[in-house]
Amino acid sequence: MAQLKFIIGAAGTGKTTSTLKSLIPLDLQIACLAFTHSAVNNMKNIISEEDKLQKTIDFYTLHKFFQLPIPFKSMPLNRYVREKIKQYSIIVIDEFSLIPLDIIHYIIDNLKEYSSIKTILIGDLLQLPPITPECDKTFNYKFFRKIWNPEYSLDVAYYLSNTIYCADEYQKSDKMILTHNYRSNTTVMNILNDVFTNSYIPLTPLSFLSTPESNDYVIISSEYSILSDVLQKSNEFSQTGYPTKIGKTKSNKCILNETVDSDFLNGDVVEITKVYPEFDIVEITNTNKQTLSIPYDKLLPYNFITVHKAQGRGYDNVVLILDSLFEITMLYTGITRAKKNIKFIIFNMKNQSKIEKNLQKSINQFNQLKKFLSK
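Keep in mind the model is a prediction, meaning the values are calculated, not measured.

## Details of the overall build of the protein chain
Part 1 of the argument: The helix and strand inventory of the protein chain stands at 12 helices and 17 strands.
Part 2 of the argument: Sequence separation of 24 or more characterises 69% of the internal contacts of the protein chain that already satisfy a separation of 6 or more.
Part 3 of the argument: If you sum the accessible surface of the protein chain, you get close to 17000 Å²; carbon and sulfur atoms cover 47% of it.

## Considerations on the sheet that holds strand β17 (residues 338–346)
Part 1 of the argument: The 4 strands are arranged β15-β7-β16-β17 in an open sheet whose pairing can be described as parallel. Of all strands in the sheet, those bounded by a partner on one side alone are β15 (304–306) and β17. Within this sheet the neighbouring strands show an average axis-to-axis angle of 30°, counted without direction.
Part 2 of the argument: In this structure, strand β7 (residues 218–221) lies alongside strand β16 (residues 315–322), joined through 3 bridges in parallel fashion. Of the residues in β16, the one forming a bridge with I219 is V319.

## Structural notes on the packing of aromatic side chains
Part 1 of the argument: Overall, the coordinates contain 6 aromatic pairs when judged by the stated rule.
Part 2 of the argument: On the basis of an interplanar angle of 70° and a centroid distance of 6.0 Å, the ring pair of Y302 and Y315 is categorised as edge-to-face. Placement of Y302 in the loop between β14 (299–301) and β15 and of Y315 in strand β16 is noted, with a sequence separation of 13 residues between them.
Part 3 of the argument: Chaining the aromatic ring pairs together yields one cluster made of Y60, F65, F66 and Y88.
Part 4 of the argument: Geometry around Y302 places K253 over its ring, the cationic atom sitting 4.7 Å from the centre.

## Let's talk about the pairing of strand β10 (residues 253–256)
Part 1 of the argument: Note: β10 against strand β11 (residues 269–276), 3 bridges, orientation antiparallel. The residue of β11 that forms the bridge with C254 is V270.
Part 2 of the argument: Pairing analysis gives 3 bridges linking β10 to β14, with the strands arranged antiparallel. By the bridge assignment for β14, I255 is matched with L300.

## What to know about the pattern of salt bridges
Part 1 of the argument: On inspection of all chains with the given rule, the structure shows 5 salt bridges.
Part 2 of the argument: Its salt-bridge partner being K64, residue D263 comes within 3.3 Å of it at the nearest N-O pair. One end of the pair, D263, is in the loop between β10 and β11; the other, K64, is in helix α4 (residues 62–66), and 199 residues separate them in sequence.
Part 3 of the argument: What makes K64 partly exposed here is its relative accessible area of 39%.
Part 4 of the argument: We note a salt bridge from E258 to K298, for which the minimum N-O separation is 2.9 Å. Residue E258 is found in the loop between β10 and β11, and its partner K298 is found in the loop between β13 (291–295) and β14; the two are separated by 40 residues along the sequence.

## Some words on the sheet that holds β14
Part 1 of the argument: Spatially, β13-β12-β11-β10-β14 is the arrangement adopted by the 5 strands of the open sheet, whose pairing is antiparallel. At either end of the open sheet lies a strand with only one pairing partner, and these are β13 and β14. Each adjacent strand pair in this sheet contributes to an overall mean axis angle of 50°, direction not counted.
Part 2 of the argument: Across 5 bridges, β11 lies against strand β12 (residues 281–285) in antiparallel orientation. Bridge pairing links V275 to V282 in β12.

## What about the confidence of the model for the protein chain?
Part 1 of the argument: Put simply, the protein chain has an average pLDDT of 75, and 71% of its residues get 70 or more.
Part 2 of the argument: Taking the mean pLDDT of every element in the protein chain, the minimum, 57, falls on strand β6 (residues 153–156) and the maximum, 94, on strand β2 (residues 30–34).
Part 3 of the argument: Of the regions scoring below 50 in pLDDT, residues 135–139 engages in 20 contacts with residues more than four places distant in sequence or in other chains.
Part 4 of the argument: Per-residue pLDDT stays below 50 along residues 157–184; that stretch engages in 84 contacts with residues further than four places along the chain or on separate chains.

## Section: unusual backbone geometry
Part 1 of the argument: Here the amide bond leading from I70 into P71 is cis, since omega sits at 0°, within 30 degrees of zero.
Part 2 of the argument: With respect to the secondary-structure elements, P71 resides in the loop between α4 and α5 (79–85).
Part 3 of the argument: Notably, D27 is not glycine yet its phi reads approximately 55°, a positive angle.
Part 4 of the argument: On the secondary structure map, D27 appears in the loop between α1 (15–23) and β2.

## A look at the side chain of Q311
Part 1 of the argument: With respect to the element layout, Q311 can be found in the loop between α10 (307–310) and β16.
Part 2 of the argument: Accessibility expressed as a relative area gives 8% for Q311, which makes it buried.
Part 3 of the argument: In this structure Q311 touches L98, Q127, L128, T333 and R337, once residues within four positions along its chain are discounted.

Criteria and thresholds
- Residues numbered from 1 in each chain as written.
- Predicted model: local features only at pLDDT ≥ 70, side-chain atom pairs only at ≥ 80, totals over all residues.
- Heavy atoms only, no water.
- Helix = DSSP H or I, 4+ residues; strand = E, 2+ residues; numbered from the N terminus.
- Contact = heavy atoms within 4.5 Å.
- Areas by Shrake-Rupley, 256 points an atom, 1.4 Å probe, with all protein chains shown as cover.
- Pairing = 2+ DSSP bridges.
- Axes fitted to C-alpha atoms, helices over the stretch in contact; angles between N-to-C directions.
- Phe/Tyr/Trp six-rings, centres within 6.5 Å; stacked < 30°, edge-to-face > 60°.
- Lys NZ or Arg CZ within 6 Å of the ring centre and 35° of its normal.
- Salt bridge = Lys/Arg side-chain N within 4 Å of Asp/Glu carboxyl O.
- Buried < 20%, exposed > 50% of the residue type's maximum accessible area, 1.4 Å probe, protein only.
- pLDDT = per-residue confidence, 0-100.

As C-alpha cells, this is what we get:
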C-alpha cells in the first residue's frame, strides 16, 4: 500500500513552505509536482538556489512527470515513467484540490505499488474543486471524501487561524511534529474571520474602479461576462493595446484560457512578445522562455481574472466583484488570493440580498467541514 499523507489547511498558513523546508534537511531525492506551472513555480521559489544545487530536488507538472495525454485518458504507465518514479524517496503534490478527480484517482492508483515511496498531498478543502461533472461544485470536502481511504494519513491545519501544523521530523514519526508558521500579514486573515464569523463584508463603491489606485489591484469575479463589463469601466480598458477574449489590455502579461500542450497549460501566465493583427495571432513566451504563436482569443487579461483561474496564485491587492453566484468556495478562494489588501464591490446591487443569503449558507457549510475534519 502506498504511503500517502494529506496535509490540509487554509490558504496563506504556510502548508507548502513548511513542508518543503522540513524535507530539505533529510537529504533524500524529492519530486515536487503540481497540476499547473504556476504552482510548480511557487514551489521552486520556496527552495533556495543553494539547496537546489546541493539537493536532489526536481520539479514537474503532473502532465510532464506522468506523461499524461491531453486530453486526459487513463492508460498504463510506460516503462520510462515507472523507472523515474523509483528514483525518488518522497513525492510532493501541491494544490491537490485543483486536480480533476479522474487524474487524482489515476495518480493514487498508480502509486499504490510503490510502498517504499512517501507521497505527500497538500491542499485546501475550502477552495474550488476542479470543473468536472464528477465533482461537487459547491463544497470541496465531498470531493475529498471520494478519494479518501482510512489507511491514508491526515494532518489538518485548522481553518481561520494563523498557524499550520507541519512536518518537522518526517523520518522519525508517522505523525507529524507540530510547529508553527505564522502568516506574515494578518489583515486579510482578520477580514476572512470577520466575514465567516460575523457575516460582515465591508463594501467599496463601484467608483473605485475609475481611480488611479485601482490600477494596482487585480480584479476577480465569478465569470468573464461580469469581468468584461468591469473591464470597460476601468482604466485598463483601451482601444489600443493587446487583444484578449474579453477586451483589450495595456499589459503584455496574460493568462492562457485553455491547454495548448504540456508546456502551455490552461491558467499559465505568459507574456505577449509579438502581435500579428492581420492574422489575429500573437506570439507568447512562458516562464521557461519557450515561445508559441496562438490566436489571441485564447488569452485573458492578467489583471482581470475569474476565481477559478486565480486559484493557486497570490496578489498583493485584490478587488473581489461579488454577484449572486458567490458561495463559500468562491468567497473563500477570492479573499485568500489577497496578500495585503482586499476590497469588495457589488457590481449589481440587485444581487445584495442573494449574496447575503449565500453567505449565511456558507457559514453553515463551513461548520460542516470543521465537524468532518475533527472526526
